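# What the coordinates show
These are the residues of each chain, in order.
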Amino acid sequence: MIAQPLHPARRMVVDTDTASDDAVALLLAAAAADTTIEAVTVVAGNVPVDRGVANALATLELAGAGDVPVHPGCDRPLLRELTTAEHVHGADGMGGHAPPPAVRAPEREHAVDALIRLSHERPGGLTLVTLGPLTNVATALSRDPAMAKRYAAVYVMGGAADGVGNVSAVAEFNIWADPEAAAMVFASGLPLVMVGWDVSRRYAVMRPADQDRLAALGTARARFTHRINATLARFCATITKLEGYDLPDPVTMAIAIDPGLILRSEELGVTVDTSFTRMRGMTVVDRLGIEGIAPNVTVVWDVDEDRFKQQLMDACAADGGAAEAPGP
Ligand code: RIB
Ligand code: CA
């Protein structure tokens, strides 16, 4: 559970399974004037970890943050088979519009070692933002449980506080992909702020008017943001039936950068279903405290959509960084 109030992230570590919405979240972080990205750690999820590393390196370069270290991490969940999501984000994870490969290579240090080391170097001084399955974070906690006391806040894109899933009727992908890891993280004592898919579905959908506003910016970052989410847009139109493509990772990142976006949140007891049933990966939110689970998570319920989208447009309005991917 997080000690209130939440403060804007000054120094952050981003753990990501770098596909199209993750990439937009990285753009937001790179554009945030008062935020330094100390490192990016990559985990298998949307795409295999090597693809995620390549997408992270290329995106950071495009965003003018080519000096941010990128650490390859866990290439599979703790227990379950790896299930990737190319049907949601495209074969390359970037809607077929991956930017040119980065010039530089990833770090040799594993993501898990980096998460632990960075927490020792800056105890209480780092914000962790997780945008993918929690395999790296759980593995780090298993090696160094006291890490739970060294991150100032951990913003998790994951779960579904309202019980509406996007990979099953009840589970959101990041939690479903590695439920054992999520259960460990939620029980670890890390100061968690949960931004579930319900927040994205209600406050972070890029409707046609938002897409027109983005296109009107006329910048490489705006075109990048739109193009790489082409596959996601089709998935949203046909499967999740949204009015546009939703941006779960960017809205989570935006909250970490500006917690003033949060209009309503609650400290609640949240556990993760690790069964081998259709309930796999469900985030069980004890809203009434009826199971007597001690509150362990700040659950975000409502955010300021206009303020989020303004942060997104401001980040995309900036230009600079490397050349963009070719394409219509
Ligand atoms: O369910 C949405 C989450 O799963 C996002 O983080 C998306 O990038 C995928 O990882
Ligand atoms: Ca993600």
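The preceding data block contains the structure.
Just so it is clear, the model here is predicted, and its values are computed rather than measured.

## Concerning the overall build of the chain
What the chain contains, in helices and strands, is 13 helices and eleven strands. Taken against the 2.2 N^0.38 rule, which gives 20 Å for 328 residues, the C-alpha radius of gyration of the chain at 18 Å falls within 12% of a compact globule. Along the first, second and third principal axes, the C-alpha atoms of the chain reach 55 × 40 × 40 Å. Expressed as a percentage of its 328 residues, the buried residues of the chain come to 59%. Counting only contacts in the chain whose residues sit at least 6 apart along the sequence, the fraction spanning at least 24 positions is 85%.

## Observations concerning the coordination of the calcium ion (ligand 2)
Listed as protein donors to the calcium ion (ligand 2) are D17 (OD), D22 (OD), D22 (OD), L131 (O) and D249 (OD); their distances from the metal cover 2.2 to 2.6 Å. Mapped onto the polypeptide sequence, the residues donating to the calcium ion (ligand 2) form the spacing pattern D-x4-D-x108-L-x117-D. Taken together, the positions of D17 in the loop between β1 (11-16) and α1 (20-31) and L131 in the loop between β4 (126-130) and α5 (135-143) put the pair 114 residues apart, joining distant regions of the chain. Each member of the pair, D17 as well as L131, is classed as buried.

## Some remarks on the packing of aromatic side chains
In this description, an aromatic ring pair is defined by two values, namely the gap between the centres and the angle between the planes. Evaluated as defined, the whole model comprises zero aromatic pairs. The ring of W176 carries R280 above its face, with NZ or CZ at 3.7 Å from the centroid. A cation over an aromatic ring shows up here: R287 above the ring of W301, its NZ or CZ 4.2 Å from the ring centre.

## Concerning the sheet that holds β1
The strand order across the open sheet formed by nine strands is β3-β2-β1-β4-β5-β6-β11-β9-β10, and the pairing between neighbours is mixed. One side of each edge strand has no neighbouring strand; the edge strands of this open sheet are β3 (70-72) and β10 (283-286). Here the strands of the sheet are splayed against their neighbours by 30° on average, with no regard to which way each runs. In this structure, strand β5 (residues 151-157) lies alongside strand β6 (residues 192-195), joined through four bridges in parallel fashion. Bridge pairing links M157 to V195 in β6. Those strands touched by helix α12 (residues 248-257) are β1, β4, β5, β6, β9 (262-272) and β11 (297-303), and its axis lies near 155° from that of β5.

## Considerations on the site of ligand 1
Surrounding ligand 1, one finds 13 residues, the nearest of these being D21, L131, N166, E172 and D249. Between ligand 1 and D22 there is a distance of 2.9 Å, counted from an oxygen atom to a side-chain nitrogen or oxygen. Coverage of ligand 1 by the protein amounts to 95% of the 270 Å² it exposes when considered alone. The set of elements that each furnish at least two residues to the shell around ligand 1 consists of α1, α6 (173-177) and α12.

## Quick word on a nonpolar patch on the surface
Residues L78, L79, M184 and F276 make up a contiguous nonpolar surface patch of roughly 430 Å² in combined accessible area. Within the secondary structure, M184 sits in helix α7 (residues 179-186).

## Some words on the packing of helix α9 (residues 208-217) against helix α10 (residues 220-228)
In contact at an axis separation of 7 Å, α9 and α10 are set at 140° when each is read in the N-to-C sense. Here α9 runs over α10; the crossing is left-handed. Contacts from Q211, L214 and L217 of α9 reach α10 at A222, T225 and H226. Here the residues of the contact of α9 with α10 sort into three nonpolar, three polar and no charged.

## Digging into the nonpolar core
Of all hydrophobic cores here, the largest spans 71 residues; its most connected members are M12, V40 and M253. The greatest single-element share of this core, amounting to seven residues, is contributed by α1. Core analysis: the second largest hydrophobic core is formed by 36 residues, L134, Y151, V156 and L192 among them.

## Description of the side chain of D17
Buried D17, no salt bridge; nearest opposite-charge side chain is R51, N-O distance 12 Å. Sequence-distant contacts of D17, that is, excluding residues within four places in its chain, are made with D22, V43, A44, G45, N46, V47, L131, G132, P133, F173 and N174.

## Considering the pattern of salt bridges
Scanning the entire structure with this criterion turns up 16 salt bridges. Between D302 and R264 there is a salt bridge, and its shortest N-O distance comes to 2.8 Å. Here D302, found in strand β11, pairs with R264, found in strand β9; they are 38 residues apart in sequence, far enough to count as distant. Classification of D302 as buried rests on a relative accessible area of 13%. Look at the salt bridges and you will find they share partners, linking R207, D210, E243, E305 and K309 into a network.

## Section: the environment of A44
Tracing the chain through its elements places A44 in the loop between β2 (36-42) and α2 (49-62). C-alpha of A44 to C-alpha of R76: the two residues are 32 residues apart in sequence and 5.8 Å apart in space. Look past the residues within four positions of A44 in its chain and what remains in contact with it is D17, V49, C74, D75, R76, L82 and P133.

Rules of the game
- Residues numbered from 1 in each chain as written.
- Chains lettered and ligands numbered in written order.
- Predicted model: local features only at pLDDT ≥ 70, side-chain atom pairs only at ≥ 80, totals over all residues.
- Heavy atoms only, no water.
- Helix = DSSP H or I, 4+ residues; strand = E, 2+ residues; numbered from the N terminus.
- Rg over C-alpha atoms; globule rule 2.2 N^0.38 Å.
- Buried < 20%, exposed > 50% of the residue type's maximum accessible area, 1.4 Å probe, protein only.
- Contact = heavy atoms within 4.5 Å.
- Donors = N, O, S within 2.8 Å, 3.2 Å for Na, K, Ca; no water.
- Phe/Tyr/Trp six-rings, centres within 6.5 Å; stacked < 30°, edge-to-face > 60°.
- Lys NZ or Arg CZ within 6 Å of the ring centre and 35° of its normal.
- Pairing = 2+ DSSP bridges.
- Axes fitted to C-alpha atoms, helices over the stretch in contact; angles between N-to-C directions.
- Near = heavy atom within 4 Å.
- Polar contact = N/O pair within 3.5 Å; in protein donor to acceptor, adjacent residues only side chain to side chain.
- Areas by Shrake-Rupley, 256 points an atom, 1.4 Å probe, with all protein chains shown as cover.
- Patch = residues over 30% accessible without salt bridge, like charges linked within 9 Å, V, L, I, M, F, W, Y side chains within 5 Å.
- Salt bridge = Lys/Arg side-chain N within 4 Å of Asp/Glu carboxyl O.
- Left-handed = near helix turned anticlockwise from the far one by under 90°.
- Nonpolar A, V, L, I, M, F, W, Y, C, P; charged D, E, K, R; others polar.
- Core = buried A, V, L, I, M, F, W, Y, C linked by side-chain atoms within 4.5 Å.
- Lys, Arg positive; Asp, Glu negative; His and termini not counted.

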